[in-house]
Amino acid sequence: MTTAESPIQIVRTVDLAPMQRGLVASQRRHPTAPLQNMALLSHLDADVDVDRLAAAFGAVVAATDVLRSRIDLGDGSARVTVGREPARTEIVDVTRGDATAWAQQRASVPIDLRSRPHDSVALRHEDGTASWYLALHHAVTDATSSAMVFDLTAAAYQGHPIDVPSYYEWAAEAVDLTSARAAKAVAHWRDRPPAPQLAQLNRPVRSATTESTRVHIPIDDDDLVAAQARITADLAMLSDDLAWTVLMMPVAAVHVHRVSG
């Protein structure tokens, strides 16, 4: 069964935040791939009221505009529609032993951003325990904000009030287009000569996957020390792997430019 839902009531329509644009573009490139699904299956061994869990997540959704986003991935510029939406938490009976396989199958289907940016299901098991499957689309969350969703849901489950600042108001204020740095960037891309057309090298990817290969590349000691200094300073990110990616992507682009013109 599912929790009761009322007709969608539109609150407002806003532009995509800067970070969302890239993530939505990636999803649009592979509309049938679940690459942006941030899915987690949490086994809850305590005595959990699944109806109360569904209601708690619903309270978090109701208080968080980014979780009430709907993004149209059709032709033209994507826009975000923020609506008033109750919890979309499905409650199903699944054996504990089948929960992982069930979740893997569920996570293989991309979240439909036109209706919601999340997929929440409470799994009721035969032994009286429960699991919570929650998939959040990367366009509305990252690792840190995903943890916030779990913390807020736990607080709502315990009966605490939920008050979350508007994500879209914060995102609009965070991008100061009047700053000197922003003006310089805008001028650079406006005045930059168009890049020459390159010959087709790689075939289009038809079946995107999340698989990756780690390749070890030997680096001179001096270069390695310099690079490590950068990824712990101005290129520091959530993890060293992410920082290395930020560093190596422009290196790869420069290499391609030097060998291809």
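So, how was this worked out
- Residues numbered from 1 in each chain as written.
- Predicted model: local features only at pLDDT ≥ 70, side-chain atom pairs only at ≥ 80, totals over all residues.
- Heavy atoms only, no water.
- Helix = DSSP H or I, 4+ residues; strand = E, 2+ residues; numbered from the N terminus.
- Contact = heavy atoms within 4.5 Å.
- Core = buried A, V, L, I, M, F, W, Y, C linked by side-chain atoms within 4.5 Å.
- Buried < 20%, exposed > 50% of the residue type's maximum accessible area, 1.4 Å probe, protein only.
- Pairing = 2+ DSSP bridges.
- Polar contact = N/O pair within 3.5 Å; in protein donor to acceptor, adjacent residues only side chain to side chain.
- Expected span 1.5 Å × (residues − 1).
- Phe/Tyr/Trp six-rings, centres within 6.5 Å; stacked < 30°, edge-to-face > 60°.

1. Observations concerning the environment of Arg230
Phase 1 of the analysis: The residue Arg230 is located in helix α7 (residues 221-231) in this model.
Phase 2 of the analysis: Distance in space between the C-alpha atoms of Arg230 and Leu247 is 8.5 Å, their sequence separation being 17 residues.
Phase 3 of the analysis: Other than its neighbours up to four places away in sequence, Arg230 contacts Leu235 and Ala236.

2. Section: the nonpolar core
Phase 1 of the analysis: Core analysis: the biggest nonpolar cluster contains 30 residues, and Leu67, Ile71 and Val80 have the highest contact counts within it.
Phase 2 of the analysis: Where this core is concerned, the elements lending two or more residues are α1 (18-29), α2 (50-63), β4 (79-84), β7 (130-137) and α4 (143-157).
Phase 3 of the analysis: It is α2 that provides the largest number of residues to this core, a total of 7 residues.
Phase 4 of the analysis: Leaving out residues up to four positions away in the same chain, Ile71 has contacts with Leu16, Gln20, Val24, Ala78, Arg79, Val80, Leu113, Arg114 and Ala139.

3. Thoughts on the pairing of β7
Phase 1 of the analysis: Judged by how many residues are buried, β7 sits mostly within the fold: 8 of 8 residues are covered.
Phase 2 of the analysis: Burial along β7 is two-sided: Ala130, Trp132, Leu134 and Leu136 and Ser131, Tyr133, Ala135 and His137, pointing in opposite directions, are all buried.
Phase 3 of the analysis: In this sheet, β7 lies alongside strand β2 (residues 37-44) in antiparallel orientation, the contact comprising 8 bridges. The partner of Leu44 across the bridge, within β7, is Ala130.

4. Some remarks on the side chain of Ser166
Phase 1 of the analysis: Its location among the elements puts Ser166 in the loop between α4 and α5 (167-174).
Phase 2 of the analysis: Within the structure, Ser166 has its side chain in polar contact with the backbone nitrogen of Tyr168 (distance 3.4 Å).

5. Comments concerning α2
Along an α-helix, residues three or four positions apart point the same way, because every turn accommodates 3.6 residues.
Phase 1 of the analysis: If you check α2, its first and last C-alpha atoms are 20 Å apart, about what 14 residues at 1.5 Å a residue would give, namely 20 Å.
Phase 2 of the analysis: Here α2 has its buried residues at Val50, Leu53, Ala54, Ala56, Phe57, Gly58, Val60 and Val61.
Phase 3 of the analysis: Among the residues of α2, the N-terminal cap falls to Asp49, whose side-chain oxygen and the backbone nitrogen of Asp51 are separated by 3.1 Å.

6. Some remarks on the packing of aromatic side chains
Phase 1 of the analysis: Applying the stated rule across the entire model yields 5 aromatic pairs.
Phase 2 of the analysis: Ring centres of Trp102 and Tyr133 lie 5.7 Å apart, and the angle between their planes is 85°; this geometry places the pair in the edge-to-face category. Here the residue Trp102 occupies a position in helix α3 (residues 99-107), and Tyr133 occupies one in strand β7, the gap between them amounting to 31 residues.
Phase 3 of the analysis: Judged by its relative accessible area of 2%, Tyr133 falls in the buried class.
Phase 4 of the analysis: Taking 5.1 Å as the distance between ring centres and 75° as the angle between the ring planes, the aromatic pair formed by Tyr167 and Tyr168 counts as edge-to-face.

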